Every structure is written in C-alpha cells, then in structure tokens.
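The primary structure of each chain is shown beneath.
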Amino acid sequence: MNFLRGVMGGQSAGPQTSGAETVQKLCDRVASSTLLDDRRDAVRALKALSKKYRLEVGSQAMEHLVNVLQTDRSDSEIIGYALDTLCNLISNEVEEEEPADESEEENAQKTNSDDLAGQFAEIFIKQQENLTLLLSLLEEFDFHVRWPAVKLLTALLKNQGQQVQQIILVSPMGVSRMMDLLADSREVIRNDGLLLLQQLTKANAAIQKIVAFENAFERLLDIITEEGMSDGGIVVEDCLLLLLNLMKNNSSNQNFFKEGSYIQRMKPWFEVAEDNSGWSAQKVTNLHLMLQLVRVLVSPVNPPGATSSCQKSAFQCGLLQQLCTILMATGVPADILTETINTVSEVIRGSQVNQDYFASVNAPSNPPRPAIVVLLMSMVNERQPFVLRCAVLYCFQCFLYKNQKGQAEIVTTLLPATIDANSISAGQLLCGGLFSTDSLSNWCAAVALAHALQDNSLQKEQLLRVQLATSLGNPPVSLLQQCTNILSQGSKVQTRVGLLMLLSTWMTNCPIAVTHFLHNQTNVPFLTAQISENLGEEEQLVQGLCALLLGICIYYNENSLENYTKEKLKQLIEKRIGKEIFIEKLAYISKHELYSRAGQKPQPSYNSPEQMLFDHEFTKLVKELEVLITKAVQKSSEDEKKEEEVKKSLEQHDSIVNQYKELIREQDMQLNELKKQVTTLTNQNEQSQTTITQQTSQIQQLRDQYNLLKVQGKPLESQHHIHNEAAQINGIQPKADAEEIGRLQEEIEKLKKQHDQLEGQLAEKESVIDKLPIAVGEAASGDNDSASASMKISELESRLAALDDENQKLKDQVQLLTDEQKTLNQQLASTNSTVAILETDKRKLQQEVTESKKEQDDLLVLLADQDQKIFGFKNKLKELGEPVEDEDDLESADQEDDDDDELS
C-alpha cells in the first residue's frame, strides 16, 4: 500500500482502505457468484473503479478477469467489460481532462502510472495462454468484444513489444486474425487494426514478412485509394506508416512489393492539380510519407540489384515523370518540394536511363530552361532555405553519379567554344557560385564541380582549358589558377575547404593537372606555409587538406618540372615541416568530428550551414589517398631505387612467365590435337574390328553352305538351285570382300603414317620438355629476389611435369594402337588365305554346275525324242481302231469323279 500512497498523492488513508475493500468485495463476487448477472455487475463495477483505483484493481482482480474471459465466453457483455477493465489497467493513454500545465507531483504520478502499466502488461503475458486467449477473441464479430480486444493488444504491444511479438510468432493464425481486422466493415475497428499492426511490425523482420505475405500490400493500397490517396485523412497516414514499417530495412518485402507490380499503383498518388494553393496539413503529411515510401524502395543502402530494378520500374510506369512534374510545378510547399527533390535524386542515382530522362526535363518557363539549371539557380541563391539547397546539391550529385555522359555535358558548358552569352548554363552557375561572396555557395559549387570530375580523367584534362576573365584589361586566368588565388586570399574556412576538396579531386590520378598546379611558383610555398603554421582548431582541417594536396603533388608527379620533382618536394617537406608533423597534419582530416558523419550516407544532412564541410565521395577519396601519401612521403630515395629495381626485375620475371605461358598454351594445343588423333585412331580401330567380324561371319556362312552341298548330294534340280544361290553369293561377295580388303589395306597404310607422325611429334615434345627445366632453372637462379616469380616458375614446372605425364600416356596409347595394327594385319592375312580357298571352291562349284547343266540338256533332248515316239505310236493305234486314252481325258475323268464325291 505504500506504492498506492505514492500514486494517490497526499490523500488520507480512509478512502484508500475503503477503495481496497470495495475492490476486494467485487473480486469475491466475481469469483463466487453463481448467477451470471451478479458477475456481470461486479465486472462492470471493477471497470468503473479501474482508473481511480488502478493498483488495487490490477493487483487483486486481474486473475478473476482472465477467468471471466475463459469461462463466460458465451456472454459478450461481460467479456467486453472485462476487456475494457484490462485495457484501463495496461493502457498509457493520457486523459483529455488533464490540464496542460502539470506540477512536479503530477509528473511523478504520470511516471508511476506508466511503470504500473508496464508491470501489469508483464503480469498478463507471463502466462502465454492469456495472450492466446486474447487472440482467439479477435475472431468474435461482436463489436463490444472485438474492439476492446484490439485496444488491449495494442496496449500490450506498446508496453511489452518484443515479448508479445515472440508469443504471436509461435501462435497459430495469430497474424492472420489481426490481418482480418482490415477487412472489417466497421471503420473504428479497421482503423484501430491499422494502429495494432503498426505496433506489431515495429523492428521485427519475421513478422513483417508474414504480414506482407498475408496480402497486406493489396489491402493497404486499396484502403489508400478508397480514402482519397494524398487528399485522404488520418487513415491514409496510418496506412502509409504501416507500409513504411513493412519495407524499411526489409529487402525481402521490398522485392515482394516490386514483383507484385505495386510500384505502378503509386503513380496516381502524385497527381497534383494545376492549382496547388491551399494544401492542408494532412495532405502535406500524406505526401511526405508517400515520397519516403518511394525513397525506401530506391535507397542507396539497399542491395544494388534491388535498387536498380525499382528505378527501372519507376521509369517504366511513369512514376519518375510524375515526380518531375511536381518538381517543376508552382505553389508546392517548400518541405514537399525539398522531399521531392531528394526522392528524384535517389530514383536517378546510378541509373543511366533515368539520368538521361532527367537531363531532358525542362521547366515550364519562357524560354524553357533545363531542370538542372533551374535547380542550380536555387542552390547558389543564398536567399533559398538551407534544406532546399542541400537537396539540390544531392540531386546534382546523384545526376552525375557514374554518369560520364552527364559529366561531359556539365564540363562542356564551361569550355570557351560552347559558352552562349544569351543563356545561362550549368557551368556558368557553378563558376558564379564558386566565386561568390556566400561561403555556402562556394562550398556547394566546389563540391558539385568535383562530382563532375569524379573518376573521369578526360574531363579533368578538359577542365584545364577553362579560362576566366577576372577584370577588364587583365589577361584571363585558368580556373585552376583562380581557385588557388582565392585560397591564398584567406577567405572563410568553409570556402577554403570546398576549394581544397575540388583541387584534390581534380588532381588525383591526373598528372597533367599536377604539372599545371606546380607550374605556378607560388602554390607550393603557400601550401608549406599553411601546413607549418601553428593555428587554432578551426584551421587544423585546412592544414590537413593542404597536406593532402601537397601529398597528391608528390604521388602523381611525373617529374616533368626540375624544381618540383618528387625527391625535391620530399626534401622540402623534411626541411620546412618534418615528415612526422606532415603525417600528423594529414591525419587531422579523418579525425574531424564531421568526417565520419559525412561518410555514413551519400545524402548531405546537416543541422546548420556551418557544419557543411565534408562530402561523402570525398571521404572515400581520403581513405584511399591517406595511405598512399603516407608511404610516398616516408620512402627515401634509396627505397625508391630499390622499388624501381624490384619493378624492373618483376617485369623481367613477368616476361619470362609470359614466355612460359605461351609455350604451355602451344603444348596444350598440341596435346589437344594428339588427343583428337588418338580418338580418331581408336574409332577407326573399332570400325576395322567390326568389319573383320562381319567378314569372318560371312566366310563361315559360305563354308557351311559348301559343306552342306557336299554332304547332302541333292537331286539335280535342287542341286542346280543351290548352285545358283551359291553362285550368286560367291559371285557378288568376293567382289565386296576384295573391295573391303583394299579399303582395309589403305586404312592400315594411313594408320602407319599417322603412327610415324605421332612418334615424330612426341620426339619433338620430349626435346622441348628436356630444354624447359633448364630454362626454368636459369630463370629461377637469376631472379631469386622475387618470391612471386619463383612461385610462378614452380607452377610452370608442375605444369611441365603434367605435360610429361600426358606425353607418356600418349606413348602408351600409340603402343596399344601399334599392337592392334599388328593384330589387324594378321587377321587380314588369314582373311586373304580364307578368301583364296573360297575362290578355289567357287571355281569347282562353277565347273560342277556347268557339267550338271550339260547333263540336264541331254536328258531334255532324250525326253523330247521319247515323247515324239509315244505320240507316233498312239496315232498308229488310233488308225488301227484300238482305243487309246489320252492324258487329258484321264485328267477330266478324274475331276468328274472328285465332283461326284463332293456332292454325295
């Protein structure tokens, strides 16, 4: 009760005791009453006391309220009272009746109330079944049950978010029941369901994915469309906040959103009327969230593939075109215009197609001006808001990011041949901002111009041609010289930092620019004087950048100027400054408090103009150059000579290695050819064996037929028929055998020639391989200073050993082929002898056939004579009157007898 006294303030003990007793009696009635009406009245009374006597109701009645939810599920009224009571205990909502001005005691009570809500929420979810029971109540359609259940779940998530999320994750259909709230026809439940899902999806990627795959995108976009999109009310804002929760830092949901073609459905959000006056605060909020949603999809921190695909979809569906329309429209609020510029920046960043389209956008002015020129006019105008100028700079940087075509177009507007006096170009605006009296314009113009030179050596050389007219009667000076002149005049820190960043970017990896810079005799003394002075903290950054610029002059020096060679500049540093002090001053850059902040993300985000000192891309350049310059300054002339000697020896080793590589390539080609030849010979060998097998089977068939003819001794006609078949076989087949034998002999000759060629090639390879180890040994012994070269040579020796193994395998294969060739020759010799025997048998058979033909002809002549004599005898018998039966009559009589038998 001491805690209750702290909560209730300085009240007397009487009401506290009375309140506690009342709560106790009501809890007893809830626990012991058998009538539902009595329990319902008791719960209603607890609900009425739950705000005034929060501690007593929470500590005594929570268990009874949970029992009511379990046992009295059939009565929606008592369930509703119980849920409302629990919601009053766990919710942190501040009542509207409370005055705006609160005393310290009231603030302490509010803090204690928040702690009390967290404690009650922890007690409620300690039993996981309580939350499962609450999720099941979401399925009830009764308004008095479903609505307080939604509010209670929201309160639990606010107080014990992570614990509740983990329980919901393992609860079957838990997320699905919450998603069903979006389909409720009652707007109050649907709107509170949106607030519940907002709390549910905070900082939990697993739940975010489940909600997205429960068709959340489709439902939310439908609600936004139904509510009037950007002209809608607070419901649209809640939907957009939920969408941001689902997709921020969640690449899976972003990809799902893109694959579902939902980016196309965002285009109507940004359709603004011609009359843009009278924007409501809610519309500004809605449109701001919509732009943030687009930026989430194309953010530079996303995986590059995901960002590029979303950028492509934004262009194809016309979303980029719609954003550019807002960009060039009039009457748009400043904060919406700023956020639109930032959004367009990230939609075009690194996308060549989108960058080309943005370059073609014109402002609706007379005459039309490119959008880039209009934006740069705002950037160099000191009367424009600071955040707007930062957004324009970011847009220009994104337009030039990995866009060499755009860089060339910007630099071209500065060249003398392309300057048009009648129109304002981007180059003229940048030069005007670079040399204006506003330090922020100086810095922005210098950074913008540096991005036009980023990783583009050609444009760095082109910019050296730019000449500026300083005043009447004086000759023009180069842009490079004018930058150094302004540096030496001692302008503001922000201006000098911007110019030094521009010069450092310009001269990096551009020896011609370094030569131009060193050609002016006053530049190097100015840099050394700046570095060697002992100045305040504000000037330390300038000193570090001067050291960086002088280091670039050393590292990228081609030694074309005798007075400012690498060695002389190093000696100058050692005498005037000291190597240690120079390196210490160089380290001032990366130690600056704003350096790490600028390196976090590409977009420049600063609270005030004075904080704009570093550019994101420049921080990357410093990381690369700081190590290189430190090594270059610390090296002595002897070290450099040794390095040059090592480089030369490495180049020699590289040439030797390249020779070996060429030799190995040739040997690999020869090995491949030999392998192909071996494969061809193997195939030919298999074909030859197949042919010999066929020949052997045919010969065996002929032998069998011949033996049958000898053994059987058939009659004359059948023997004659067999002789004819044998003659046909033996008349055709021997020709085919002879042709096949001739072909085999030719193939054998070819195999012999190929065998000789293979042996010659192998002999050449062996001689080359015998020479290789000697060459490798000489190279290794002559160049032991380079460890990498010796490793390469050892690799070559291992490759040569492998080649020896391959050659040995080829020799074995050739030997096998030689043996197979000998076997083939023997088989062919036996085949030739067999064919000769068959030919002799054929001749004998032909003679026998001829003799049988003669005997058959003699028999036919005898039979013809006998038939003539019989015919003559029959005629004489007829003349004598003797009956004679002809063969035809006998045949007809036999036929009639057969017919009679069939009829019977």
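Residues numbered from 1 in each chain as written. Predicted model: local features only at pLDDT ≥ 70, side-chain atom pairs only at ≥ 80, totals over all residues. Heavy atoms only, no water.

Draft legend 1. The overall build of the chain, seen in detail. Along its length, the chain carries 40 helices and four strands. Scored against the burial criterion, the 904 residues of the chain give a buried share of 44%. Across the chain, every contact between residues at least 6 apart in sequence was considered, and the portion connecting residues at least 24 apart equals 73%. For the chain, the computed accessible surface area is about 47,300 Å², with 50% contributed by carbon and sulfur atoms. (Helix = DSSP H or I, 4+ residues; strand = E, 2+ residues; numbered from the N terminus. Buried < 20%, exposed > 50% of the residue type's maximum accessible area, 1.4 Å probe, protein only. Contact = heavy atoms within 4.5 Å. Areas by Shrake-Rupley, 256 points an atom, 1.4 Å probe, with all protein chains shown as cover.)

Draft legend 2. Here's a closer look at the layout of surface pockets. Its volume calculated, the second largest pocket comes out at about 640 Å³. As for the second largest pocket, its lining consists of 25 residues, of which Arg295, Glu339, Glu346, Lys601 and Gln603 are closest to the centre. Every element with two or more residues in the lining of the second largest pocket is listed here: α16 (281-297), α19 (334-348) and α22 (386-400). Taken together, the residues of the lining of the second largest pocket sort by class into 11 nonpolar, nine polar and five charged. (1 Å grid on protein atoms, 1.4 Å probe; cavity = no way out; pocket = protein on both sides within 12 Å on 5 of 7 lines; lining within 4 Å. Points joined across faces, edges and corners; volume = space filled by probe spheres on them. Nonpolar A, V, L, I, M, F, W, Y, C, P; charged D, E, K, R; others polar.)

Draft legend 3. Inspection of the pattern of salt bridges at higher detail. In the structure shown here, the tally under the stated rule is 24 salt bridges. Between arginine 389 and aspartate 438 there is a salt bridge, with the nearest N and O atoms lying 3.0 Å from each other. Taken together, the positions of arginine 389 in helix α22 and aspartate 438 in the loop between α24 (426-434) and α25 (439-453) put the pair 49 residues apart, joining distant regions of the chain. Judged on exposure class, the residue arginine 389 and its partner aspartate 438 are both buried. (Salt bridge = Lys/Arg side-chain N within 4 Å of Asp/Glu carboxyl O.)

Draft legend 4. Representation of unusual backbone geometry. Positive phi, normally seen in glycine, also occurs at methionine 173, with a value near 60°. Relative to the helices and strands, methionine 173 resides in the loop between α9 (161-170) and α10 (174-179). Given the relative accessible area of 53%, methionine 173 is considered exposed. Of note, asparagine 249 is a non-glycine position whose phi angle comes to about 60°, a positive value. Here asparagine 249 is to be found in the loop between α14 (234-247) and α15 (251-259).

Draft legend 5. Up close: the packing of helix α28 (residues 493-507) against helix α31 (residues 537-555). In contact at an axis separation of 10 Å, α28 and α31 are set at 15° when each is read in the N-to-C sense. One element, α28, and the other, α31, form an angle in the roughly parallel class. Note that α28 runs across α31; the crossing there is left-handed. Here α28 contributes Val493, Arg496, Val497, Leu500, Leu503, Ser504 and Met507 to the contact with α31, which in turn contributes Glu538, Glu539, Leu541, Val542, Leu545, Cys546, Leu548, Leu549, Ile552 and Cys553. (Axes fitted to C-alpha atoms, helices over the stretch in contact; angles between N-to-C directions. Parallel < 35°, antiparallel > 145°, perpendicular 65-115°, else oblique. Left-handed = near helix turned anticlockwise from the far one by under 90°.)

Draft legend 6. The arrangement of the nonpolar core in detail. Counting 207 residues, the largest nonpolar core has Leu134, Leu156, Trp269, Phe270, Phe358 and Leu548 as the members making the most contacts within it. It is α22 that provides the largest number of residues to this core, a total of 12 residues. Once residues lying within four places of it in the same chain are set aside, the contact partners of leucine 548 are Ser504, Leu586, Ile589, Phe618, Val622, Leu625 and Ile629. (Core = buried A, V, L, I, M, F, W, Y, C linked by side-chain atoms within 4.5 Å.)

Draft legend 7. Summary view of the packing of helix α3 (residues 36-49) against helix α4 (residues 54-71). Here α3 crosses α4 at 145°, and the two axes come no closer than 10 Å. As α3 packs across α4, the resulting crossing turns out to be left-handed. The residues of α4 that touch α3, namely those facing Val43, Leu46 and Leu49, are Arg54, Val57, Ala61, Leu65 and Val68. In terms of residue class, the contact of α3 with α4 is made up of seven nonpolar, no polar and one charged.

Draft legend 8. Layout of the confidence of the model for the chain. Of the residues in the chain, 82% have a pLDDT of 70 or more, and the chain-wide mean is 83. For residues 94-103, every residue scores under 50 in pLDDT, and the model assigns this stretch five contacts once sequence neighbours within four places are set aside. (pLDDT = per-residue confidence, 0-100.)

Draft legend 9. Here's a closer look at the environment of valine 211. By the element assignment, valine 211 lies in helix α12 (residues 205-213). Residues valine 211 and threonine 201, 10 residues apart in the sequence, show an inter-C-alpha distance of 8.1 Å. Setting aside residues up to four positions removed in sequence, valine 211 forms contacts with Val175, Met179, Thr201, Ala216 and Leu246.

Draft legend 10. Representation of the side chain of glutamine 160 within the structure. Along the chain, glutamine 160 turns up in the loop between α8 (143-159) and α9. Within the local environment of glutamine 160, its side chain forms a polar contact with the backbone oxygen of glycine 118, the two atoms lying 3.4 Å apart. Apart from residues lying up to four places away in sequence, glutamine 160 is in contact with Gly118, Ala121, Glu122 and Ile125. (Polar contact = N/O pair within 3.5 Å; in protein donor to acceptor, adjacent residues only side chain to side chain.)

Draft legend 11. Up close: a negative patch on the surface. A cluster of like negative charges, contributed by Glu848, Glu851, Glu855, Asp857 and Asp858, occupies part of the molecular surface. For glutamate 851, a relative accessible area of 51% gives the class exposed. (Patch = residues over 30% accessible without salt bridge, like charges linked within 9 Å, V, L, I, M, F, W, Y side chains within 5 Å. Lys, Arg positive; Asp, Glu negative; His and termini not counted. Charge placed at Lys NZ, Arg CZ, Asp CG, Glu CD.)

Draft legend 12. Spatial organisation of the packing of aromatic side chains. For the structure shown, the criterion picks out 10 aromatic pairs. Note on phenylalanine 217 and phenylalanine 256: the rings are 5.8 Å apart at their centroids and 35° apart in plane angle, and the pair reads as tilted. On the criterion of sequence distance, the pair formed by phenylalanine 217 in helix α13 (residues 216-226) and phenylalanine 256 in helix α15 is long-range, its members being 39 residues apart. Seen in terms of ring centroids, tyrosine 555 and tyrosine 556 are 4.9 Å apart; in terms of plane orientation they differ by 85°. Their pairing is edge-to-face. Among the aromatic residues, those joined into a cluster by ring pairs are Phe213, Phe217, Phe256, Phe257 and Tyr262. Above the ring of tryptophan 147, the side-chain terminus of lysine 151 is found at 4.0 Å from the ring centroid. Across the ring face of phenylalanine 141, the terminal group of arginine 186 is positioned such that the distance to the ring centre comes to 4.0 Å. (Phe/Tyr/Trp six-rings, centres within 6.5 Å; stacked < 30°, edge-to-face > 60°. Lys NZ or Arg CZ within 6 Å of the ring centre and 35° of its normal.)

Draft legend 13. Up close: the side chain of serine 378. The topology assignment puts serine 378 in helix α21 (residues 371-379). For serine 378, a relative accessible area of 19% gives the class buried. The contacts of serine 378, once residues within four sequence positions are left out, are Gln384, Arg389 and Val392.

Draft legend 14. Highlighting α3. Taking 1.5 Å of rise per residue, 14 residues should cover 20 Å, and α3 covers 20 Å from first to last C-alpha, within 8% of that figure. When α3 is considered as a whole, its buried residues turn out to be Arg39, Arg40, Ala42, Val43, Leu46 and Leu49. (Expected span 1.5 Å × (residues − 1).)

Draft legend 15. View of the environment of serine 33. For serine 33, the location among the structural elements is in the loop between α2 (13-32) and α3. For serine 33, a relative accessible area of 17% puts it in the buried group. Discounting chain neighbours no more than four positions away, the residues touching serine 33 are Asp28, Asp38 and Arg39. Of note is the side chain of serine 33, whose polar atom sits 2.8 Å from the backbone oxygen of arginine 29.

Draft legend 16. Representation of α19 within the structure. Taking 1.5 Å per residue as the helical rise, α19 with its 15 residues ought to reach 21 Å, and the 21 Å between its terminal C-alpha atoms agrees with that figure. Of all 15 residues making up α19, 12 are buried, and the element is well covered by its neighbours. For α19, the elements touching its buried residues are α16, α17 (304-316), α18 (319-328), α20 (352-360), α21 and α22. Just beyond α19, the residue with positive phi is glycine 350, at close to 75°.

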